[in-house]
Amino acid sequence: MVRFARSLATAALVAAGLVTSAPARAAEAVSPHPELREGPEVRQEAHRRAKSRPRVVRRGVVLFPRIYVRGGTYYYVSRDDHGRDLEVEVPKSRVRARRASLGVGGGALMGLAGHGEGFADPGLLLDLRYRFVEYVGTELRVGFHGDMDPMTQRVQVPIQGSLTFHTPAFIPVGLVAAVGVTADVFQADLTGIGGAELRGVAVGPHAGLGVRVSLGPRVELDVDARVVGYLTPTGWGEGGLAPVGLTATGMLHFYL
């Protein structure tokens, strides 16, 4: 009888210990801050994973995160799952500051010719860019556009110098804006049969906005549209070009 009483008391003590420790173990398992209980190794692992995914994602894509440079290395500030600031290193291959790129692509130059006749002349383009910093750069773009109608024989060579503004390249999809001056070398056969010709250089400001998609560490795809307002005569009253034009282009940029 004594042995039975002792066994019963031992079992009761073990059961009481399990009931007492169960809430503590459950709280530990669901702790929202595991790095606070597992030491610096977990924090280092979280930092390593963040560095391997150079994106700023919190309630959507942040187009202009805080960027700073320390010791020649670029960093941006993101937020972790608990709302705390996290310092993320930008891979050098994704940094565009003090780098040049060569772009090739095509597009269309649209406007009005004659006395209100619309046109959209296809063409090829070359583009050279240089980024002073991650957000700002310069650009020189040259295009060659010709009409597809053999009875019109219109040729335009727009040359554009621009100041460009960019979202950081380590964001997969960003924006590109450009403002600058266009010099459009044009020639048009007004009769379509080799008769009277109109030629000249039309100069004016332009402004545009586009979308940039990162295809890799050194390659980007840009799609943009720009409006040009010509200040010099374009021969509009004689059957030439309207004083306002629009370009739509798609280009691949290769960073050197």
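Described below are features of the structure shown in this document. (Residues numbered from 1 in each chain as written. Predicted model: local features only at pLDDT ≥ 70, side-chain atom pairs only at ≥ 80, totals over all residues. Heavy atoms only, no water.)

**Here we look at the sheet that holds strand E6 (residues 136–146)**
Consider a sheet: its strands pair through backbone hydrogen bonds, and that pairing is either parallel or antiparallel.
Phase 1 of the analysis: Strand order in the closed barrel formed by eight strands is E4-E5-E6-E7-E8-E9-E10-E11, with antiparallel pairing between adjacent strands. Across this sheet, the average inter-strand angle for adjacent strands is 25°, counted without regard to direction.
Phase 2 of the analysis: Where strand E4 (residues 99–113) meets strand E5 (residues 117–131), 15 bridges bridge the pair, whose relative direction is antiparallel. The residue of E5 that forms the bridge with leucine 102 is leucine 128. (Pairing = 2+ DSSP bridges. Helix = DSSP H or I, 4+ residues; strand = E, 2+ residues; numbered from the N terminus. Axes fitted to C-alpha atoms, helices over the stretch in contact; angles between N-to-C directions.)

**Details of the nonpolar core**
Phase 1 of the analysis: Listed in full, the nine residues of the largest apolar core are Leu109, Ala113, Phe119, Phe186, Leu198, Ala202, Val228, Tyr230 and Leu241.
Phase 2 of the analysis: Counting only elements with at least two residues in this core, the list comes to E4 and strand E9 (197–214).
Phase 3 of the analysis: Excluding residues that lie within four positions of it along the chain, leucine 109 makes contacts with Phe119, Ala120, Asp121, His145, Gln156, Pro158, Asp184, Leu246 and Thr247.
Phase 4 of the analysis: Judged by nonpolar contacts, the second largest core, of five residues, contains Val90, Ala97, Phe170 and Ile171. (Core = buried A, V, L, I, M, F, W, Y, C linked by side-chain atoms within 4.5 Å. Buried < 20%, exposed > 50% of the residue type's maximum accessible area, 1.4 Å probe, protein only. Contact = heavy atoms within 4.5 Å.)

**Description of the pairing of E5**
Phase 1 of the analysis: Pairing analysis gives nine bridges linking E5 to E6, with the strands arranged antiparallel. Bridging from a neighbouring strand, leucine 126 pairs with valine 142 of E6.
Phase 2 of the analysis: Between E5 and E6, which pair antiparallel in sequence order, lie four residues.

**Re the packing of aromatic side chains**
Phase 1 of the analysis: With the rule as written, the count across this model stands at one aromatic pair.
Phase 2 of the analysis: Ring centres of tyrosine 130 and phenylalanine 132 lie 5.5 Å apart, and the angle between their planes is 80°; this geometry places the pair in the edge-to-face category.
Phase 3 of the analysis: Over the face of the ring belonging to tyrosine 255 we find arginine 96, whose NZ or CZ atom lies 4.1 Å from the ring centre.
Phase 4 of the analysis: Looking at arginine 154, its charged tip hangs above the ring of phenylalanine 119, at a distance of 4.0 Å from the centre. (Phe/Tyr/Trp six-rings, centres within 6.5 Å; stacked < 30°, edge-to-face > 60°. Lys NZ or Arg CZ within 6 Å of the ring centre and 35° of its normal.)

**Focus on the side chain of aspartate 127**
Phase 1 of the analysis: Position of aspartate 127 among the secondary structure elements: in strand E5.
Phase 2 of the analysis: Of the residues examined, aspartate 127 reaches a relative accessible area of 1% and is grouped as buried.
Phase 3 of the analysis: Here arginine 141 takes part through its side chain, which lies 3.0 Å from a polar atom of the side chain of aspartate 127.
Phase 4 of the analysis: Residues within four places of aspartate 127 in sequence aside, it is in contact with Ser101, Leu102, Gly103, Glu139, Leu140, Arg141, Met251 and His253. (Polar contact = N/O pair within 3.5 Å; in protein donor to acceptor, adjacent residues only side chain to side chain.)

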